[in-house]
Amino acid sequence: DKYKTWMPKFLMTKDDKDQRKSNNDVESSNFKFKKSSAEKRKKMEKEEKFFRETSMYDKEISVINTATVKCTVPSKSRTDLPVTAGEQLDVIDVTEGNMVICRNSEGRYGYVLVEHLNFR
């Protein structure tokens, strides 16, 4: 199939045209996937920059642990992370008191009470 000779479309059989269309659809869906992952990465970088500015956090961000949220908690301030029950969070840092800095699957950062988390 790689080495087929070029033929004008009006000389091709209908089966060849359908096969070519299906191959183009697969390629275009792969391109869309790559584009969305680039957009997601850009959004996550923006969220990280916003978190660093609002919280004045200058340490390197590395995942210490993962935790599951026990109950849904809305955010009370801009630095708190709103969470829903069953959501998986990456624990970034432990602060003084009973708060930890977490990141959700969307890339948002914020403070969460330890009582709301279940560590495994």
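Each remark here, short or long, concerns the structure printed above.
Because the structure is predicted, anything quoted here is derived from the model rather than measured. (Residues numbered from 1 in each chain as written. Predicted model: local features only at pLDDT ≥ 70, side-chain atom pairs only at ≥ 80, totals over all residues. Heavy atoms only, no water.)

## Concerning the nonpolar core
Turning to step 1, where the next piece is worked out: Core analysis: the largest hydrophobic core is formed by 11 residues, namely Ala67, Val69, Val73, Leu81, Val83, Leu89, Val91, Val100, Cys102, Val112 and Leu117.
Turning to step 2, where the next piece is worked out: Only β1 (65–69), β2 (88–94) and β3 (99–103) provide two or more residues apiece to this core.
Turning to step 3, where the next piece is worked out: In contact with Val73, not counting residues within four places along its chain, are Leu81, Pro82, Val83 and His116. (Core = buried A, V, L, I, M, F, W, Y, C linked by side-chain atoms within 4.5 Å. Buried < 20%, exposed > 50% of the residue type's maximum accessible area, 1.4 Å probe, protein only. Helix = DSSP H or I, 4+ residues; strand = E, 2+ residues; numbered from the N terminus. Contact = heavy atoms within 4.5 Å.)

## Re the pattern of salt bridges
Turning to step 1, where the next piece is worked out: Within the structure shown, the criterion is met by 3 salt bridges.
Turning to step 2, where the next piece is worked out: The shortest N-O distance in the salt bridge between Asp93 and Lys59 comes to 3.3 Å. Here the residue Asp93 occupies a position in strand β2, and Lys59 occupies one in the loop between α1 (14–55) and β1, the gap between them amounting to 34 residues.
Turning to step 3, where the next piece is worked out: Given a relative accessible area of 13%, Asp93 falls into the buried group.
Turning to step 4, where the next piece is worked out: Between Arg103 and Asp90 there is a salt bridge, and its shortest N-O distance comes to 3.3 Å. Here Arg103, found in strand β3, pairs with Asp90, found in strand β2; they are 13 residues apart in sequence, far enough to count as distant.
Turning to step 5, where the next piece is worked out: Overall, Arg103 belongs to the buried group, its relative accessible area being 17%. (Salt bridge = Lys/Arg side-chain N within 4 Å of Asp/Glu carboxyl O.)

## Concerning the layout of surface pockets
Turning to step 1, where the next piece is worked out: Approximately 150 Å³ is the volume found for the second largest pocket.
Turning to step 2, where the next piece is worked out: Taken together, Val73, Pro74, Ser75, Lys76, Asp80, Leu81, Val83, Met99, Tyr111, Val112, Leu113 and His116 form the lining of the second largest pocket.
Turning to step 3, where the next piece is worked out: In terms of residue count, the dominant contributor to the lining of the second largest pocket is strand β4 (residues 109–113) (3 residues).
Turning to step 4, where the next piece is worked out: Considered class by class, the residues forming the lining of the second largest pocket number 8 nonpolar, 2 polar and 2 charged. (1 Å grid on protein atoms, 1.4 Å probe; cavity = no way out; pocket = protein on both sides within 12 Å on 5 of 7 lines; lining within 4 Å. Points joined across faces, edges and corners; volume = space filled by probe spheres on them. Nonpolar A, V, L, I, M, F, W, Y, C, P; charged D, E, K, R; others polar.)

## As for the sheet that holds β2
Turning to step 1, where the next piece is worked out: Spatially, β4-β3-β2-β1-β5 is the arrangement adopted by the 5 strands of the open sheet, whose pairing is antiparallel. Unpaired on one side and paired on the other, β4 and β5 (117–119) mark the two borders of the sheet. Ignoring which end each strand starts from, the neighbouring axes of this sheet average 50° apart.
Turning to step 2, where the next piece is worked out: Relative to β5, β1 runs antiparallel, the two sharing 3 bridges. Paired with Val69 across the two strands is Leu117, which belongs to β5. (Pairing = 2+ DSSP bridges. Axes fitted to C-alpha atoms, helices over the stretch in contact; angles between N-to-C directions.)

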